Amino acid sequence: MISLKDNLPVIQLPTGQVISFECEWLVRSLVQAAARAGYAKWWLAAHVARSVTDYLHDQTEVNVLPVERLTNAVQSVLQVIGYAEIGRHFVPAAPRVQVSLVEIAREAGSGYELAFFDLLGRRIQELLQEKSSCFELLGLEPCVKLLCSRKSWSRDCESLRADIVSFAREQTGTAAADHEVTFSLA
């Protein structure tokens, strides 16, 4: 038996890639569509996304949902609630990419902070080359411990953690003016 995350179907992109459905992804897509339609802060995005998520949760016979079918469903919902203009601008956002900071630290070698920052900078720049980027940097604390060669947290760890956060923000901040960039550190 195969169990799907939260009993929601996976979404098949036009490229054939399959991603897990995330309500946050749909909210982001709706906010972008609303902005393109002239609604700077559309407060219904989370409510519409939650409704679509609940609907998909009840569709137990659907395991793989083509993104075109999801797009049509969202556009139909928007039309019914009186926001057809947002529906005309609705395009599912690029899926969120998860980047493991621990893997980058291992590639750099423990204790090699300069190599780590170089690799992290290159990875962020690769992600920013995409027209719309949404990525999450995962494993910040284990990464810091690995780079500091520590089993427990120390002042050195705290300092390096702050440096990594600052570096990631700096790297994404310069691109945010040109692209839509969303990232989070976990």
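Higher on the page you've got the structure.
Residues numbered from 1 in each chain as written. Predicted model: local features only at pLDDT ≥ 70, side-chain atom pairs only at ≥ 80, totals over all residues. Heavy atoms only, no water.

Asker: Sorry if this is basic, but what is going on with unusual backbone geometry here?
Answerer: When glycine is set aside, most residues are seen to have a negative phi, and most peptide bonds are trans. A positive phi angle, close to 55°, is found at S149, a residue other than glycine. Inspection of the secondary structure puts S149 in the loop between helix 7 (140-148) and helix 8 (155-176). Residue classification places S149 among the exposed residues on the basis of a relative accessible area of 54%. (Helix = DSSP H or I, 4+ residues; strand = E, 2+ residues; numbered from the N terminus. Buried < 20%, exposed > 50% of the residue type's maximum accessible area, 1.4 Å probe, protein only.)

Asker: Please explain the packing of aromatic side chains as it appears in this structure.
Answerer: Geometry of an aromatic ring pair is reported as the spacing of the ring centres plus the angle between the planes. Applying the stated criterion across every chain yields a total of 5 aromatic pairs. Residues F116 and F117 carry aromatic rings whose centres are separated by 5.5 Å and whose planes lie at 75° to one another, so their mutual orientation is edge-to-face. Across the pair, exposure class does not vary: F116 and F117 are buried alike. These aromatic residues form a ring-pair network of at least three members: Y39, W42 and Y83. (Phe/Tyr/Trp six-rings, centres within 6.5 Å; stacked < 30°, edge-to-face > 60°.)

Asker: Sorry, what's going on with the packing of helix 1 (residues 23-36) against helix 3 (residues 67-80) here?
Answerer: Helix packing for two helices is described by the angle between their axes and how far apart those axes are. In the contact formed by helix 1 and helix 3, the axes pass within 13 Å of each other and the chain directions differ by 60°. With respect to helix 3, the axis of helix 1 lies oblique. In terms of crossing hand, the pair formed by helix 1 and helix 3 is right-handed. Contact residues: W25, L26 and L30 in helix 1; V67, L70, V74 and L78 in helix 3. In the contact of helix 1 with helix 3, the residues fall into 7 nonpolar, no polar and no charged. (Axes fitted to C-alpha atoms, helices over the stretch in contact; angles between N-to-C directions. Parallel < 35°, antiparallel > 145°, perpendicular 65-115°, else oblique. Left-handed = near helix turned anticlockwise from the far one by under 90°. Contact = heavy atoms within 4.5 Å. Nonpolar A, V, L, I, M, F, W, Y, C, P; charged D, E, K, R; others polar.)

Asker: So what exactly am I meant to see when it comes to the nonpolar core here?
Answerer: If you look at soluble globular proteins, the nonpolar side chains tend to sit buried side by side. Counting residues in each nonpolar core, the largest one holds 27 residues, and the members touching the most others are I11, L30, W42 and L70. Within the residue set of this core, elements represented by two or more residues are helix 1, helix 2 (45-58) and helix 3. Residues contacting I11, with those up to four places away along its chain left out, are Q17, V18, I19, F21, W25, L65, V67 and L70. Residues I104, F116, L119 and C143 belong to the second largest nonpolar core, which totals 26 residues. (Core = buried A, V, L, I, M, F, W, Y, C linked by side-chain atoms within 4.5 Å.)

Asker: Please explain the pattern of salt bridges as it appears in this structure.
Answerer: Once their charged atoms are close, side chains differing in charge can pair, the charge on each being opposite to the other. Applying the stated criterion across every chain, the model contains 5 salt bridges. With a shortest N-O distance of 3.3 Å, E24 and R28 are connected by a salt bridge. Taken together, the positions of E24 and R28, both in helix 1 and 4 residues apart, correspond to about one turn of that helix. In this structure E24 comes out as partly exposed when scored by relative accessible area, which is 32%. Residue R28 is classed as buried on the basis of its relative accessible area, which comes to 8%. R150 is paired through a salt bridge with D156; the nearest N and O atoms lie 2.8 Å apart. (Salt bridge = Lys/Arg side-chain N within 4 Å of Asp/Glu carboxyl O.)

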